Amino acid sequence: MSGRVAARDLRDMMVEQGVEFASAAQIGEWIGCSPAQVPHRLRGARQAQEMVCVTRGGWVPAVAGCIDPQAFMEPMMGHFGHRYYLAGLSAAARHGASHQALMVDHFATSSHLTSRTIRNMARIEMFHRPDVEAFPTVTQQAMSWTGHLQPITVSTAEVAVFDLFALHPFRGGDAKETVACELLDPGPRLPPALDAETLASVALLYPVPTRQRVGFLLQEMSQHVGRGFDLDPLEATLPASARTVEFEYDPDRSEPPVKHDDRWDVRQWYEMWPDV
C-alpha cells in the first residue's frame, strides 16, 4: 500500500485489503507518525473496538467487535520471526473433531510467549516448544472476520492427539475421549483421520508415557465407536519394560482402579464418558 491514511480510516483500509496484522512501525508509516505515537493516535479506534493491540507493537482490525487469532497468527508470527503451529484441541477441531465448542485457541511456538485474554474478544494459550519445527504440520485456510481467507499452520491429526497429553496433559479428560472418537470415526464410509504408520512415526517425538496414554486412549475409543484401528505400529515404539503410568492426573486412590491394561501398562481410575 502506498500513501497515507487517516487514523480513523485505518481499520476500514485493513479490512478492505485483507491485512490481518500490522506492526506499530508499519501503522506509523501509514498514518504518518512514529511507532511510539501509534497507541495515542489509535486511541479512538481502540475505544470503538475497531483496532485491537494483540501484542506489544502489534495491531489487528476488529469487525463487529470480534477478532480471530487463527486469522492473524500467521502474519504475527512471521513478523516476529517465530515458528508455531495450531495445537491440541484447536488442531483436532481443524481435523474434524469439532463436536465441542472451544473458547480458547491453543498454539505451540518456538518462543516464550505469554498466554493471554485479549479484551474479552479472544483467549490464546501458548505452549513453548523449542523444537517446534520437528513436528509435522499442514497449511490450512482460516476465514477471518474481515471476510478474507488467511493461511494457518496446523499440526497433523497425529500430532494433535499426542499434544492432548503432552501440552495440556490432564485437562478435559472427556474432551480427549471425544476427540479420539471423532478422529477414529469421522462418519459413515469415511476413513479415520489418523494413519497408523504416521502415528507410530510421530510417537518417537514424544516420551514413552505419552505414547502409552495415547495408545490406551485410542484402543478404548476404537472399541467404543466400533471402528477397528491398527495400533500395533504404535505399540512397537514402546520399550520392552515400560513403567506403569496413570491415565488420569492425581486420581483418587481410595478405590481400586477401573482397569489395568497390560498391553499399554496403563492404570485407568475413572470411567470414560465421550460425548458422542
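Asker: Tell me about the nonpolar core, residues and numbers included.
Answerer: The biggest cluster of nonpolar side chains holds 65 residues, and the ones touching the most others in it are Val54, Ile67, Phe72 and Met73. The greatest single-element share of this core, amounting to seven residues, is contributed by helix 7 (residues 157-166). Beyond its immediate sequence surroundings of up to four residues, Ile67 is in contact with Val52, Val54, Val60, Pro61, Ala62, Phe72, Ile118, Met121, Ala122 and Trp145. By size, the runner-up hydrophobic cluster in this structure holds 17 residues, among which are Met14, Ile27, Met51 and Trp59.

Asker: How would you sum up the pairing of strand 2 (residues 51-55)? Please name residues and give values.
Answerer: With four of five residues buried, strand 2 lies mostly within the body of the structure. The turn linking strand 2 back onto strand 3 (residues 58-61) is made up of two residues, and Gly57 within it adopts a positive phi angle of 75°.

Asker: Tell me about the pattern of salt bridges, and please be specific about residues and values.
Answerer: According to the stated counting rule, one finds 10 salt bridges in the structure shown. Residues Lys259 and Glu220 are paired through a salt bridge, measuring 2.8 Å at the closest nitrogen-oxygen approach. Within this pair, whereas Lys259 is found in strand 11 (residues 259-261), its partner Glu220 is found in helix 10 (residues 208-225), the two being separated by 39 residues in sequence. Classification of Lys259 as partly exposed rests on a relative accessible area of 29%. Exposure remark for Glu220: the relative accessible area of 11% places this residue in the buried category.

Asker: Mind laying out the packing of aromatic side chains, listing which residues take part and the relevant values?
Answerer: Summed over all chains, the structure comprises seven aromatic pairs. Note on Tyr84 and Phe107: the rings are 6.2 Å apart at their centroids and 55° apart in plane angle, and the pair reads as tilted. One end of the pair, Tyr84, is in strand 4 (residues 84-86); the other, Phe107, is in strand 5 (residues 105-109), with 23 residues separating them in the sequence. Across the pair, exposure class does not vary: Tyr84 and Phe107 are buried alike.

Asker: So what's going on with the environment of Leu199? Residues and values would help.
Answerer: Here Leu199 shows up in helix 9 (residues 196-203). Through-space distance from the C-alpha of Leu199 to that of Thr156 is 9.8 Å; in sequence the pair is 43 residues apart. Those residues in contact with Leu199, other than ones at most four positions away along the chain, are Glu158, Phe162, Leu218, Phe229, Leu231 and Leu234.

Asker: Requested: an account of the sheet that holds strand 2, with residues and values cited.
Answerer: In a beta sheet, neighbouring strands pair by backbone hydrogen bonds and run either parallel or antiparallel. Ordered by their spatial adjacency, three strands build an open sheet running 1-3-2, and the pairing between neighbours is antiparallel. The sheet is open, and its two edges are formed by strand 1 (22-23) and strand 2, each paired on a single side. When strand 1 meets strand 3, the two strands line up antiparallel, connected through two bridges. When the sheet's bridge partners are listed, Ala22 is paired in strand 3 with Trp59. Running over the sheet, helix 1 (residues 10-17) touches strand 1, strand 2 and strand 3 and is turned about 75° from strand 3. The strands that helix 5 (residues 69-80) touches are strand 1, strand 2 and strand 3; relative to strand 2, the one it contacts most, it runs at about 55°.

Asker: Hey, could you go over the sheet that holds strand 10 (residues 245-246) for me, with residue numbers and the actual values?
Answerer: Here three strands make up an open sheet; going across it, the order is 10-12-11 and the pairing mixed. At either margin of the open sheet sits one strand with a lone partner, and together these are strand 10 and strand 11.

Asker: Describe the environment of Val159, and please don't skip the residues or the numbers.
Answerer: Checked against the element boundaries, Val159 lands in helix 7. Distance from Val159 to Val202, taken between C-alpha atoms, is 6.6 Å for residues 43 residues apart in sequence. Residue contacts for Val159: discarding those within four places in its chain leaves Tyr85, Phe135, Pro136, Val202 and Tyr206.

Asker: I'd like a description of the packing of helix 7 against helix 10, backed by residues and values.
Answerer: The N-to-C vectors of helix 7 and helix 10 enclose an angle of 115°; their axes lie 9 Å apart at closest approach. The crossing of helix 7 and helix 10 is right-handed. Of the residues in helix 10, those touching helix 7 at Val161, Phe162, Phe165 and Ala166 are Thr210, Arg211, Arg213, Val214 and Leu217. Counted by class, the contact of helix 7 with helix 10 contains six nonpolar, one polar and two charged residues.

Asker: Which residues make up the side chain of Glu177, and what values do they have?
Answerer: Relative to the elements of secondary structure, Glu177 occurs in helix 8 (residues 173-184). Lacking a salt bridge, the buried Glu177 has Lys176 as its closest oppositely charged neighbour, with an N-O distance of 8.3 Å.

About the criteria used
- Residues numbered from 1 in each chain as written.
- Predicted model: local features only at pLDDT ≥ 70, side-chain atom pairs only at ≥ 80, totals over all residues.
- Heavy atoms only, no water.
- Core = buried A, V, L, I, M, F, W, Y, C linked by side-chain atoms within 4.5 Å.
- Buried < 20%, exposed > 50% of the residue type's maximum accessible area, 1.4 Å probe, protein only.
- Helix = DSSP H or I, 4+ residues; strand = E, 2+ residues; numbered from the N terminus.
- Contact = heavy atoms within 4.5 Å.
- Pairing = 2+ DSSP bridges.
- Salt bridge = Lys/Arg side-chain N within 4 Å of Asp/Glu carboxyl O.
- Phe/Tyr/Trp six-rings, centres within 6.5 Å; stacked < 30°, edge-to-face > 60°.
- Axes fitted to C-alpha atoms, helices over the stretch in contact; angles between N-to-C directions.
- Left-handed = near helix turned anticlockwise from the far one by under 90°.
- Nonpolar A, V, L, I, M, F, W, Y, C, P; charged D, E, K, R; others polar.
- Lys, Arg positive; Asp, Glu negative; His and termini not counted.

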